[in-house]
Amino acid sequence: MMSSLFTFLLVVQALVAAAMIGVILMQKSEGGGLGVGGSPAGLLSARGAADFMTRATTVLACLFVGLSIVLAAMASVGRGGSTIDTSLSKSAQTSGAAPAASITAPAQPAEGTAAGTAPAQLSDDPLAAAAAAAANQNAVPADAQKAPPPTK
């Protein structure tokens with residue numbers, strides 16, 4: 001029931017806003033805005049028509065503000081409590097090495113690996129993985145150092 005009332009009030013607010021825009025645009029420009037001034041022989045030049053338009057604008061503006069407050073209150077009451085999703089928080093690292101040490105320390109080859117390649121490190125830190133990838137790209141394999149340059 002609350003949802004249908006909310007929808008009804010939202011439609012009423014849209015109609016009030018459209019009516020307010022129309023009433024404001026039909027009013028005579030007192031200051032000659034954009035160089036377009038109204039002539040005394042215009043459609044709504046009578047003093048009574050100007051008073052009606054001013055009152056209509058005031059009533060529609062008050063309705064619009066009132067409906068906005070009511071809709072905001074209904075929207076805030078209808079919401080339940082919020083929960084914070086902690087599934088993406090960084091967990092404490094279980095290894096003894098700090099991630100900064102793996103970035104700044106030179107790569108030491110592990111046993112059974114080639115002298116020019118660094119071992120793959122398991123880490124949750126994306127910067128450590130990027131630094132290891134950059135170190136692997138900059139390392140020149142031993143076979144490439146001994147090969148003669150290609151000739152044409």
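The structure presented is a predicted model; accordingly, all values stated were derived computationally and were not measured.

Caption draft 1: Looking closely at the overall build of the protein. Secondary structure assignment for the protein yields five helices and zero strands. For the protein, the succession of helices and strands along the chain, N to C, is α-α-α-α-α. Of the contacts formed within the protein by residues at least 6 apart in sequence, a portion of 72% connects residues at least 24 apart. For the protein, the accessible area works out to roughly 12,200 Å², and carbon and sulfur atoms hold 66% of it.

Caption draft 2: Layout of the nonpolar core. Counting residues in hydrophobic clusters, the biggest one holds ten residues: L9, V16, M20, V23, M53, A56, L60, L67, L71 and M74. Broken down by element, the residue count for this core peaks at six residues, all from helix α2 (residues 47-77). Residue contacts for M74: discarding those within four places in its chain leaves M2, L5, F6 and L9.

Caption draft 3: Representation of the side chain of T57. By the element assignment, T57 lies in helix α2. You can call T57 buried: its relative accessible area is 17%. In this view, T57 contacts V23, I24 and Q27; residues no more than four positions away in its chain are not counted.

Caption draft 4: The side chain of Q13, seen in detail. Here Q13 is to be found in helix α1 (residues 2-26). Discounting chain neighbours no more than four positions away, the residues touching Q13 are F64, L67, S68 and L71.

Caption draft 5: Here's a closer look at a nonpolar patch on the surface. The grouping of M2, L5, F8 and V77 at the surface amounts to a nonpolar patch, some 410 Å² of accessible area in total. With three residues, the top contributor of residues to the nonpolar patch is α1. Among the structural elements, M2 can be located in helix α1. The partly exposed category is assigned to M2, whose relative accessible area is 45%.

Caption draft 6: Quick peek at the environment of V12. Structurally, the position occupied by V12 is in helix α1. Linking V12 and L67, residues 55 residues apart in sequence, is a C-alpha distance of 8.4 Å.

Parameters at a glance
- Residues numbered from 1 in each chain as written.
- Predicted model: local features only at pLDDT ≥ 70, side-chain atom pairs only at ≥ 80, totals over all residues.
- Heavy atoms only, no water.
- Helix = DSSP H or I, 4+ residues; strand = E, 2+ residues; numbered from the N terminus.
- Contact = heavy atoms within 4.5 Å.
- Areas by Shrake-Rupley, 256 points an atom, 1.4 Å probe, with all protein chains shown as cover.
- Core = buried A, V, L, I, M, F, W, Y, C linked by side-chain atoms within 4.5 Å.
- Buried < 20%, exposed > 50% of the residue type's maximum accessible area, 1.4 Å probe, protein only.
- Patch = residues over 30% accessible without salt bridge, like charges linked within 9 Å, V, L, I, M, F, W, Y side chains within 5 Å.
- Salt bridge = Lys/Arg side-chain N within 4 Å of Asp/Glu carboxyl O.

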